[in-house]
Amino acid sequence: MTANMHAFANGAELAGKLADKVAETLSAAITVRGSASIAVSGGSTPKAFFQALSSHSIDWGKVTVTLVDERFVPSDNPRSNHLLVQENLLKDKAAAAKFLPLYQATASVEEAAVIATEKTKAIGHPFDVAILGMGNDGHTASFFPGGSNLKTALDPNTPRGIITMEAEGAGEPRLTFTFSSLQDARLLVLHIEGEGKKDVLAKAEAPGEETEMPIRAMLRRAASPVEIYWAP
Ligand SMILES: O=C(O)[C@H](O)[C@@H](O)[C@H](O)[C@H](O)COP(=O)(O)O
């Protein structure tokens, strides 16, 4: 599939423009289908974008927000993506949105994945918006090189839903939507910032195995165009 580069002068300009595009997409979905769904990534990059999006006046009561992936930690843990979204996105106007967490207070991450899949099955067929990040190792979502379930995660025949992932670079065990769950989002965004991530993207766009840099699966096989939002 194709990738379209949207480059901005700085992170603040990117955050504003991406928030505008996402708000427009969510509103259009509500107009056409009566509701909208968005899956967002965690990490350090999206904070300004979340804050910009939270102030948009859209019908947030008809929007369901969930996570592309999550660390297997409760929402009071500083590593939690739920906490990041709670503090930066689900506030101001966006406080009215419905949020579906991936983390479940279960004995195992495997049990949490089964429950999270059940609890999110009503949305994301396809997502209206999916916001991906990318690590310096070329991972996206929790598709980490060497990950325990990487082959399953990237397999286009794996059903939509949430699976577990464990990998050296991942820290805690992870919960992640699969490639099949994310790749056909009506608006599929890769949000990266900094010269370093631009170099990582260039390497990912070069020939090589998907398992070496899993973002390659999205860049090469996503049904939707990958809208790359980048600022230095
Ligand atoms: O849980 C996570 O960490 C994210 O979902 C992950 O996929 C993230 O998007 C990348 O690791 C980039 O993270 P940074 O934005 O911190 O570089």
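First, a word on what this report is: a plain description of the structure on this page.

The rules behind each value
Residues numbered from 1 in each chain as written. Predicted model: local features only at pLDDT ≥ 70, side-chain atom pairs only at ≥ 80, totals over all residues. Heavy atoms only, no water. Pairing = 2+ DSSP bridges. Helix = DSSP H or I, 4+ residues; strand = E, 2+ residues; numbered from the N terminus. Axes fitted to C-alpha atoms, helices over the stretch in contact; angles between N-to-C directions. Contact = heavy atoms within 4.5 Å. Near = heavy atom within 4 Å. Polar contact = N/O pair within 3.5 Å; in protein donor to acceptor, adjacent residues only side chain to side chain. Areas by Shrake-Rupley, 256 points an atom, 1.4 Å probe, with all protein chains shown as cover. Nonpolar A, V, L, I, M, F, W, Y, C, P; charged D, E, K, R; others polar. Phe/Tyr/Trp six-rings, centres within 6.5 Å; stacked < 30°, edge-to-face > 60°. Buried < 20%, exposed > 50% of the residue type's maximum accessible area, 1.4 Å probe, protein only. Lys NZ or Arg CZ within 6 Å of the ring centre and 35° of its normal.

**Structural notes on the sheet that holds strand β3 (residues 63-67)**
Consideration 1: Spatial ordering of the open sheet is given by β1-β10-β9-β6-β2-β3-β5, a layout of 7 strands whose pairing is parallel. With one partner strand each, in any of the chains shown, β1 (3-7) and β5 (98-100) form the two edges of the open sheet. Direction aside, the axes of adjacent strands within the sheet are offset by 20° on average.
Consideration 2: As paired elements, strand β2 (residues 36-40) and β3 share 5 bridges and run parallel to each other. Pairing of S37 across the sheet is with T64, part of β3.
Consideration 3: Sheet contacts for helix α3 (residues 81-88): β2, β3 and β5; angle to β3, the most-contacted strand, approximately 140°.

**Examining the site of the ligand**
Consideration 1: Within the structure, the ligand sits among 15 residues, and T45, D69, R71, H139 and K197 are positioned closest to it.
Consideration 2: Note that an oxygen atom of the ligand is positioned 2.7 Å from one of the side-chain N or O atoms of R71.
Consideration 3: Contact distances for the ligand include 2.9 Å between an oxygen atom and a side-chain N or O atom of N81.
Consideration 4: When the free accessible area of the ligand is taken as 410 Å², the share hidden by the protein chains comes to 87%.
Consideration 5: In terms of residue class, the shell around the ligand is made up of 2 nonpolar, 9 polar and 4 charged.

**Focus on the packing of aromatic side chains**
Consideration 1: Evaluation of the coordinates by the stated rule reveals 4 aromatic pairs.
Consideration 2: Between F72 and Y103, the aromatic rings sit 5.3 Å apart at their centres with planes inclined by 45°, giving tilted as the arrangement. With a gap of 31 residues between them, F72 in the loop between β4 (69-71) and α3 and Y103 in the loop between β5 and α4 (109-119) connect regions that are remote in the sequence.
Consideration 3: On the accessibility criterion, F72 (18% relative accessible area) is buried.
Consideration 4: You can call Y103 partly exposed: its relative accessible area is 21%.
Consideration 5: Directly above the ring of W230 sits K198, whose terminal nitrogen or CZ lies 4.3 Å from the centroid.

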